[in-house]
Amino acid sequence: MPVDPQLRNLDIEIPTQPEVLVKLSLLMAAEDIDLQAMSSLVETDMALAAAVMKAVNSSLYGLRGRVQTVHQALTYLGMREVAAITFEMGLRAAFPAAAELEQVWTRASQRGLLMGRMGQMLGVDPWAAHSAGLFEECGKAVLYRHAPTHYPAMLRAATRDAELVELEKTAFGVSHDALGAALCESWGLAPAAVASVRHHVEIQASLTMPDSLARRSVAAISTVAWALLNHPDQLDDIASQIAPQAQLDETLVLRAARRVNEQLLAAQEHGR
């Protein structure tokens, strides 16, 4: 998909989607998904397969036995979560390893898993929700790679993302939410995921969805996940404000958020 022409003029490179993820996207789009084809595809990239296995066996998933193959991971976790882990590892590999980005990737794992499972419970496209969570902060990695000397100082200086985007616009003429949406578009993510990434900072700051936002359910789940991870004491209030704007039932949204959060906490406790 084309990148916004305005972004082209900024000389900030958007990494291309790795070939294995292009093929994985095609498999995910098929009506009847071939699990054997998916596991064979991931296993063709040894470094990626190893990273996927390491992630699958982390405390985040709390599996009772150690998983040794991608096919086993698909059996235990299911197609969407293994595909999402593969996308996460492919995304990380597109950028240089950096200590400053580790928190970004850790949050991506938690948020993606939380949003995907919430989407499944609420009847919202779980793949779009999961990928939106994974890619929400990827624009920060784009800017880090573009300005590795200066950008870390911005990350440290900003106390919240609404403040960070203003620093980014001043320094680079663009903010990480816009860059993240551009990367999502160029990698072929669902329009609802792209919209969520593009507007997440604005919605989190104001708890108001812009009138131009047509696909709202994933963005609403993103905001509730953000509240759960960062402001759990305000979860009820934030859900009550954001759910109606996406025509989601507030009670069901809260129930899904709490249930998934309990699942993740139990998995982490089991993995210790």
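Residues numbered from 1 in each chain as written. Predicted model: local features only at pLDDT ≥ 70, side-chain atom pairs only at ≥ 80, totals over all residues. Heavy atoms only, no water.

- The chain appears in an unreviewed UniProt entry as HD-like signal output (HDOD) protein from Roseateles saccharophilus.

### Digging into the pattern of salt bridges
- Tallying each qualifying case throughout the model produces 12 salt bridges.
- The partner of Glu 166 in a salt bridge is Lys 169, and the shortest N-O contact between them spans 4.0 Å. Of the two residues, Glu 166 and Lys 169 both sit in helix H11 (residues 161-172), 3 residues apart, roughly one turn of that helix.
- Judged by its relative accessible area of 46%, Glu 166 is partly exposed.
- A single network of salt bridges, built from pairs that share partners, joins Arg 107, Arg 111, Glu 136, Glu 137, Lys 140 and Asp 161. (Salt bridge = Lys/Arg side-chain N within 4 Å of Asp/Glu carboxyl O. Helix = DSSP H or I, 4+ residues; strand = E, 2+ residues; numbered from the N terminus. Buried < 20%, exposed > 50% of the residue type's maximum accessible area, 1.4 Å probe, protein only.)

### Some remarks on the environment of Arg 92
- Examined against the element boundaries, Arg 92 turns out to sit in helix H6 (residues 79-93).
- For Arg 92, a relative accessible area of 26% puts it in the partly exposed group.
- Sequence-wise, Arg 92 and Ala 141 are 49 residues apart; in three dimensions their C-alpha atoms are separated by 8.7 Å.
- Excluding its chain neighbours within four sequence positions, the residues that come into contact with Arg 92 are Glu 102 and Trp 105.
- In terms of polar contacts, Arg 92 uses its side chain to reach the side chain of Glu 102, at 2.8 Å. (Contact = heavy atoms within 4.5 Å. Polar contact = N/O pair within 3.5 Å; in protein donor to acceptor, adjacent residues only side chain to side chain.)

### Looking at the UniProt feature "domain: HDOD" (unreviewed entry) in the chain
- Here, UniProt's "domain: HDOD" (unreviewed entry) annotation points to residues 14-203.
- Within the segment residues 14-203, helix and strand shares are 72% and 0% respectively, and the terminal C-alpha atoms sit 24 Å apart. (UniProt positions renumbered as here; feature names shortened; annotations may be inferred.)

### Here we look at the packing of aromatic side chains
- Within the structure shown, the criterion is met by 5 aromatic pairs.
- Between the aromatic rings of Phe 87 and Trp 127, the centroid separation amounts to 5.4 Å while the plane-to-plane angle is 80 degrees, which identifies the pairing as edge-to-face. Of this pair, Phe 87 sits in helix H6 while Trp 127 sits in helix H8 (residues 126-135), and the two are 40 residues apart along the sequence.
- Aromatic rings pair up to connect Phe 87, Trp 127, Phe 135 and Trp 187 into one cluster. (Phe/Tyr/Trp six-rings, centres within 6.5 Å; stacked < 30°, edge-to-face > 60°.)

### Quick look at the side chain of Gln 17
- Tracing the backbone shows Gln 17 in the loop between helix H1 (5-8) and helix H2 (19-29).
- Under the relative-accessibility criterion, Gln 17 is labelled buried at 16%.
- A polar side-chain atom of Gln 17 sits 3.4 Å from a polar atom in the side chain of Ser 25.
- Residue contacts for Gln 17: discarding those within four places in its chain leaves Val 22, Ser 25, Phe 87 and Trp 187.

### A look at the environment of Val 20
- Relative to the helices and strands, Val 20 resides in helix H2.
- Here Val 20 falls in the buried class, since its relative accessible area comes to 13%.
- As for Val 20 and Phe 87, which are separated by 67 residues in sequence, their C-alpha atoms are 9.3 Å apart.
- Look past the residues within four positions of Val 20 in its chain and what remains in contact with it is Leu 41, Asp 45 and Leu 48.

### Some remarks on H2
- Listing the buried residues of H2 in full gives Val 20, Leu 21, Leu 24 and Met 28. Mapping the buried residues of H2 onto a view down its axis gives an arc of 90 degrees, with all of them on the same face. Turned more than 90 degrees away from the buried face of H2, the exposed residues are Glu 19, Leu 26 and Ala 29.
- Against the buried residues of H2 lie helix H3 (35-43), helix H4 (46-56), H6 and H8. (Arc of directions from axis to C-beta.)

### What about the nonpolar core?
- Residues Met 118, Phe 135 and Leu 183 are the most contacted members of the largest nonpolar core, which totals 96 residues.
- Sort the elements by how many residues they give to this core and helix H14 (residues 217-230) lands first, with 9 residues.
- Once you skip the residues sitting within four places of it in the chain, Leu 183 turns out to touch Ile 14, Pro 15, Leu 91, Phe 95, Phe 135, Cys 138 and Val 142. (Core = buried A, V, L, I, M, F, W, Y, C linked by side-chain atoms within 4.5 Å.)

### Details of the packing of helix H13 (residues 191-206) against H14
- Direction vectors running N to C along H13 and H14 enclose 45 degrees, while the axes themselves pass 8 Å from each other. Classed by the angle they form, the pair H13 and H14 counts as oblique. Helix-helix and strand crossings are classified by hand; for H13 and H14 the assignment is right-handed. Contacts between H13 and H14 involve Ala 192, Ser 196, His 200, Ile 203 and Gln 204 on the former and, on the latter, Val 218, Ala 219, Ser 222, Thr 223 and Trp 226.
- Per-class residue counts for the contact of H13 with H14 are 5 nonpolar, 5 polar and no charged. (Axes fitted to C-alpha atoms, helices over the stretch in contact; angles between N-to-C directions. Parallel < 35°, antiparallel > 145°, perpendicular 65-115°, else oblique. Left-handed = near helix turned anticlockwise from the far one by under 90°. Nonpolar A, V, L, I, M, F, W, Y, C, P; charged D, E, K, R; others polar.)

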